[in-house]
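Coordinates in review
Residue-level listing of the chains:
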Amino acid sequence: MAPFLSGGGYSSESWSYILALHERMKNPIFKLAIEQHGDLESLEFWEGLPKYIQKLAFELYQTECRMNETIVVCHSEPGAWYPPLFETLPCPPGAYQNFKSVIGRTMFESDRVNSEHVKRCNQMDYVWVPTDFHVSTFIQSGVDPSKVVKIIQPIDVKFFDPLKYKPLDLSFIGKLVLGTATRNLNSKKEFMFLSIFKWEYRKGWDVLLRSYLKEFSSVDGVALYLLTNPYHSDGDFGNKIVEFVEESGMEKPVAGWAPVYVIDTHIAQTDLPRLYKAVNAFVLPSRGEGWGRPLVEAMAMSLPVIATNWSGPTEYLTEENSYPLPVDRMSEVVEGPFVGHLWAEPSVDKLQVLMRHVMNNVEEAKAKDGGR
């Protein structure tokens with residue numbers, strides 16, 4: 001039970017598990033069934049799924065299971081588990097003891113788990129988390145150590161295969177919101193950075209903009225593309241970026257700001273590899289991640305990746321396969337459900353250095369292609 005039809009991190013992770021399990025059911029000793037749970041359905045996301053996944057979804061949705069023989073995996077944040085704290089199909093769909101086993105699959109982006117969620121985790125037979133970081137934070141917060149199991153997140157490297165795709169033409173989908181679309185002086189193609197995130201403070205969009213705009217100007221032959229969508233906010237990202245820059249106190253370079261483009265249209269799952277293929281590097285200076293799915297997708301697509309060296313991504317980021325971004329300090333979360341928890345403040349200065357380094361050392365950066 002997962003947000004299969006919703007898009008987002010839990011959704012794409014749940015599909016990667018289902019596809020991996022289904023592929024290995026050559027001589028099935030078990031049946032596989034799915035149920036939408038934990039988030040609102042998105043028609044856009046559903047329509048952008050590859051046809052073979054849509055067909056499989058119908059097939060698995062119609063599979064029936066006998067309760068007492070069933071292992072239920074509740075693949076969502078614990079607030080969606082029975083009894084749910086918001087409107088969703090409860091998971092498990094009935095008393096816990098009716099089923100063979102009930103497993104919670106979840107993760108958090110801060111340094112701890114709150115007491116309500118700890119209580120819900122301890123109702124489960126097992127709690128699957130993606131990284132050593134989570135094993136440690138969950139147990140330290142009071143989740144029964146005998147229940148916590150690390151199950152990392154899979155990635156479909158046959159789907160995210162750079163050799164299979166032609167790049168997406170970003171000139172049709174990227175809206176220029178800051179700077180001018182100039183080429184560098186020797187007319188080489190722009191060096192393009194990409195970041196993908198929900199528009200929320202945790203994702204460090206402010207750190208990214210500050211580093212990029214302090215380091216580069218319009219003569220550098222560089223561009224930053226942000227694929228983003230609203231998160232409890234309106235979708236006028238152009239205005240938000242201009243306002244941020246005006247209030248930041250940053251000095252505008254003599255040559256003008258380096259260009260920033262926003263992609264706020266929905267990119268179908270089938271086109272996502274083509275988006276990665278269109279750029280030169282991926283960057284996400286997030287304050288905390290459960291896993292960091294776009295990072296792993298970018299690595300699978302052989303892109304050099306710059307990402308904060310804290311929380312979930314420490315499971316796979318190394319100096320050999322990426323550019324781990326150092327953390328300046330920890331800071332307290334001041335709003336939302338995790339008030340009082342701590343998360344990372346990635347270094348603005350070090351991010352400037354790394355972005356410039358990746359741009360100037362293309363061959364070295366290509367060698368750090370996620371270990372492909």
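Our subject is the structure listed above.
If you're wondering where the values come from, they're calculated on a predicted model, not measured in any experiment.

Okay, the overall build of the protein chain next. Helix and strand content of the protein chain: 11 helices and 13 strands. Principal-axis analysis of the C-alpha atoms gives the protein chain an extent of 70 × 45 × 40 Å. The burial tally for the protein chain puts 54% of its 372 residues in the buried class. Restricting to contacts in the protein chain with at least 6 residues of sequence separation, those with at least 24 account for 71%. By element, 54% of the accessible surface of the protein chain is carried by carbon and sulfur atoms, the whole surface being about 17,700 Å². Here the protein chain contributes 37 positive and 47 negative side-chain charges, whose respective centroids are spaced 5 Å apart.

Right, let's talk about the side chain of Ser-347 for a bit. Tracing the backbone through its elements, the reader meets Ser-347 in the loop between β13 (342–346) and α10 (348–360). When its relative accessible area of 2% is taken as the criterion, Ser-347 is described as buried. One polar contact links the side chain of Ser-347 to the main-chain amide nitrogen of Lys-350, over a distance of 3.0 Å. With sequence-adjacent residues up to four places away left out, Ser-347 is seen in contact with Leu-325, Pro-326, Val-327 and Asp-328.

The next subject is the state of the cysteines. Scanning the model with the defined rule gives one disulfide in all. In this model Cys-74 forms its disulfide with Cys-91; the gap between the sulfur atoms is 2.1 Å. Disulfide Cys-74 to Cys-91: torsion about the S-S bond roughly -90°, handedness left-handed. With Cys-74 in strand β1 (residues 71–75) and Cys-91 in the loop between β1 and β2 (101–105), this pair connects stretches of sequence that are 17 residues apart. On the basis of relative accessibility, which here comes to 0%, the residue Cys-74 falls in the buried class.

Next up on the list: the nonpolar core. In terms of nonpolar packing, the biggest core is built from 71 residues, with Tyr-276 and Phe-282 touching the most fellow members. Top contributing element to this core by residue count: strand β6 (residues 191–199), with seven residues. Non-local contacts of Phe-282, meaning those with residues more than four positions away in its chain, are made with Leu-194, Ser-195, Ile-196, Tyr-276, Pro-294, Leu-295, Ala-298, Leu-303, Pro-304, Val-305 and Ile-306. Counting 24 residues, the second largest nonpolar core, distinct from the first, contains Cys-91, Tyr-96, Val-118 and Met-124.

Parameters and conventions
- Every chain begins its residue count from 1, and numbering advances along the sequence as written.
- Since the coordinates come from a predicted model, pLDDT governs what is reported: local features require at least 70, and pairs of side-chain atoms require 80 or more to be given and counted, while whole-chain, interface and lining totals use all residues.
- Excluding hydrogens and water, the side-chain values take into account all heavy atoms of the structure.
- Going along the chain from the N terminus, every DSSP run of H or I of four or more residues is numbered as a helix, and every run of E of two or more is numbered as a strand.
- Relative accessible area decides the class of each residue, using a 1.4 Å probe on protein chains only: under 20% of the type maximum gives buried, over 50% gives exposed, and in between gives partly exposed.
- In this description, contact between two residues means that some pair of their heavy atoms is separated by no more than 4.5 Å.
- In these tables, accessible area is a Shrake-Rupley quantity obtained with a 1.4 Å probe, and a residue counts as shielded only by the protein chains included in the view.
- Counting rule for charge: Lys and Arg are taken as positive, Asp and Glu as negative, and neither His nor the chain ends is counted.
- Charge coordinates come from a single atom per side chain, which is NZ of Lys, CZ of Arg, CG of Asp or CD of Glu.
- Whenever two N or O atoms come within 3.5 Å, that pair is a polar contact, provided that in protein one can donate a hydrogen and the other can accept it, and provided that, for residues adjacent in sequence, both atoms are side-chain atoms.
- What counts as a disulfide here is a pair of cysteine sulfur atoms lying within 2.5 Å.
- Here the nonpolar core consists of buried residues drawn from Ala, Val, Leu, Ile, Met, Phe, Trp, Tyr and Cys, with membership extended through side-chain atoms lying within 4.5 Å.

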